[in-house]
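What follows is each chain in one-letter form.
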Amino acid sequence: MNREEYLRRLSYLLQDLPEEEYREALEYYEDYFDEAGPQREQEVIRELGKPERIAAMIRDSVKEKDGDWEYTEEGYYNRRYDEKNQMPGKSRKEQKTEKEKQQRSWHMKGSRDRNIILLVIILALAAGVVIPAAVSIVLGIGGGILGLAGGILGVVLAACVTCVGLLIGGVAVIVTGIVKLFTAVPAGLLLLGCGCMMAAGGLLLLMLAVWMIGDLLPKLIRWIVGLFRKLFQRGGEKG
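Residues numbered from 1 in each chain as written. Predicted model: local features only at pLDDT ≥ 70, side-chain atom pairs only at ≥ 80, totals over all residues. Heavy atoms only, no water.

Engineer: So what exactly am I meant to see when it comes to the side chain of Arg 3 here?
Structural biologist: Mapping Arg 3 onto the fold places it in helix H1 (residues 3–13). The contacts of Arg 3, once residues within four sequence positions are left out, are Glu 30, Phe 33, Asp 34, Glu 41 and Ile 45. (Helix = DSSP H or I, 4+ residues; strand = E, 2+ residues; numbered from the N terminus. Contact = heavy atoms within 4.5 Å.)

Engineer: Help me understand helix H2 (residues 19–36), please; the structure alone is not making it clear to me.
Structural biologist: Residue pairs three or four apart in sequence face the same way in an α-helix, which turns once every 3.6 residues. In this model, H2 (18 residues) spans 26 Å end to end at C-alpha, consistent with the 26 Å of a helix rising 1.5 Å per residue. All of the buried residues along H2 are Ala 25, Leu 26, Tyr 28, Tyr 29, Tyr 32, Phe 33 and Ala 36. Mapping the buried residues of H2 onto a view down its axis gives an arc of 150°, with all of them on the same face. Within two residues after H2, Gly 37 carries a phi angle of roughly 90°, on the positive side. (Expected span 1.5 Å × (residues − 1). Buried < 20%, exposed > 50% of the residue type's maximum accessible area, 1.4 Å probe, protein only. Arc of directions from axis to C-beta.)

Engineer: Where do I start with the pattern of salt bridges in this structure?
Structural biologist: Applying the stated criterion across every chain, the model contains seven salt bridges. A single network of salt bridges, built from pairs that share partners, joins Arg 40, Glu 43 and Glu 47. (Salt bridge = Lys/Arg side-chain N within 4 Å of Asp/Glu carboxyl O.)

Engineer: Got a minute to help me understand the packing of H1 against helix H4 (residues 51–63) in this structure?
Structural biologist: Two elements in contact, H1 and H4, have axes whose closest approach is 9 Å; the angle formed by their N-to-C orientations is 40°. Considering the relative orientation of H1 and H4, their crossing is right-handed. Along the contact surface, H1 presents Tyr 6, Arg 9, Leu 10 and Leu 13, while H4 presents Pro 51, Glu 52, Ile 54, Ala 55 and Arg 59. (Axes fitted to C-alpha atoms, helices over the stretch in contact; angles between N-to-C directions. Left-handed = near helix turned anticlockwise from the far one by under 90°.)

Engineer: Just checking my understanding: could you explain the UniProt feature "transmembrane region" (unreviewed entry) in the protein chain for this structure?
Structural biologist: UniProt's feature table lists "transmembrane region" (unreviewed entry) at residues 116–139, 145–175 and 187–213, given in the numbering used throughout. Annotation note: span residues 187–213, helix share 100%, strand share 0%, distance between end C-alpha atoms 39 Å. (UniProt positions renumbered as here; feature names shortened; annotations may be inferred.)

Engineer: Please explain the packing of aromatic side chains as it appears in this structure.
Structural biologist: Here the distance between the centres and the angle between the planes together describe a pair of aromatic rings. The tally for this structure, following the rule as stated, stands at three aromatic pairs. Between the aromatic rings of Tyr 28 and Tyr 29, the centroid separation amounts to 4.8 Å while the plane-to-plane angle is 90°, which identifies the pairing as edge-to-face. Here Tyr 28 falls in the buried class, since its relative accessible area comes to 8%. Tyr 29 gets classed as buried once you look at its relative accessible area, which sits at 0%. A network of ring pairs unites the aromatic residues Tyr 28, Tyr 29 and Tyr 32 as a single cluster. (Phe/Tyr/Trp six-rings, centres within 6.5 Å; stacked < 30°, edge-to-face > 60°.)

Engineer: Please explain the confidence of the model for the protein chain as it appears in this structure.
Structural biologist: When pLDDT drops low, the exact placement of atoms in the prediction is not to be read closely. Confidence in the prediction for the protein chain averages 75 pLDDT; 70% of positions are at 70 or higher. In this model residues 80–93 is a low-confidence stretch, pLDDT under 50, and it forms 33 contacts with partners more than four residues away in sequence or in other chains. Note on residues 105–110: pLDDT is under 50 here. Beyond four places in sequence and across chains, it has seven contacts. (pLDDT = per-residue confidence, 0-100.)

Engineer: Just checking my understanding: could you explain H1 for this structure?
Structural biologist: Within the span of H1, buried status applies to Arg 3, Tyr 6, Leu 7, Leu 10, Ser 11 and Leu 13. For H1, the arc enclosing every buried residue in end-on projection is 165°, short of the 170-degree limit, so these residues lie on one face. On its buried face, H1 sits against H2, helix H3 (41–48) and H4. Looking at where H1 begins, the residue whose side-chain oxygen comes 3.3 Å from the main-chain nitrogen of Glu 4 is Asn 2. (Polar contact = N/O pair within 3.5 Å; in protein donor to acceptor, adjacent residues only side chain to side chain.)

Engineer: Mind showing me how you'd approach the environment of Arg 8 here?
Structural biologist: Following the sequence through the fold, Arg 8 ends up in helix H1. Residues Arg 8 and Leu 26, spaced 18 residues apart in sequence, show a C-alpha to C-alpha distance of 9.6 Å.

Engineer: Just to check I follow, could you spell out the packing of H2 against H3 for this structure?
Structural biologist: A pair of packed helices is characterised by two quantities: the angle between their axes and the separation of those axes. Viewed as axis vectors pointing N to C, H2 and H3 meet at an angle of 135°, and their least axial separation amounts to 9 Å. On the basis of the axis angle, H2 is oblique to H3. Of the two possible hands of crossing, H2 and H3 adopt the one that is right-handed. Side by side, H2 and H3 meet where Tyr 29, Tyr 32, Phe 33 and Ala 36 of the first sit next to Glu 41, Val 44, Ile 45, Glu 47 and Leu 48 of the second. Its residues assigned to classes, the contact of H2 with H3 shows seven nonpolar, no polar and two charged. (Parallel < 35°, antiparallel > 145°, perpendicular 65-115°, else oblique. Nonpolar A, V, L, I, M, F, W, Y, C, P; charged D, E, K, R; others polar.)

Engineer: Which parts of the structure should I look at to understand the nonpolar core?
Structural biologist: Nonpolar side chains in soluble globular proteins tend to be buried together. Membership of the largest hydrophobic core comes to 19 residues, with the highest contact counts inside it found for Leu 10, Leu 14, Tyr 29, Phe 33, Leu 48, Ile 54 and Ile 58. Going through the elements one at a time, H1, H2, H3 and H4 are the ones with two or more residues in this core. Per-element tally for this core: the top contributor is H2, with seven residues. By size, the runner-up hydrophobic cluster in this structure holds six residues, among which are Val 156, Met 212, Leu 220 and Ile 224. (Core = buried A, V, L, I, M, F, W, Y, C linked by side-chain atoms within 4.5 Å.)

Shown next as structure tokens:
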């Protein structure tokens, strides 16, 4: 006799019981076989005994009026039965294992309220990381743009100062070369050449500075203002 035959026979013997008692009894022994597993099927059948014996005890438990019968985790139990006749149930080891599984399952799944609390904590932590990061990125972009503008402005100022220095220095060298022509012609010519080169470099830097001040800087300022205007307009629309 295997599990299916055993349960089929037990179902037949209990079919005239009330629906609730019939269903509870079959579910209990189906679960009992499931927990034992296929490898212990014959061992469980030997422990339970014949289906007729189980059915007789279940019937007595349903019909008994003195309250001695109880339907517990250990099966149908009557205090008048000794340990040899008592319905086989789950061993203490199996009960302990099942309790540990339930505890692990609770820790894994958690209650609904606990999950909500954890979700709120996770969102709060995420907000505490994401918001500062977003602010840092925005400030970094803004600082980069302003730094670019400041760098260009510094180049313009450096060009202006350098061109002025080259022009003044070139003129001074040219004057010195003219004077030197009266005493030492080669030295005077060399100084004149150097002075002209310095003056030419100063003029080129002056033209560069004028172009940057008159064309590049206004475009850069308009672009920065337009970029910040778009950012603030989008922020206002979202708000």
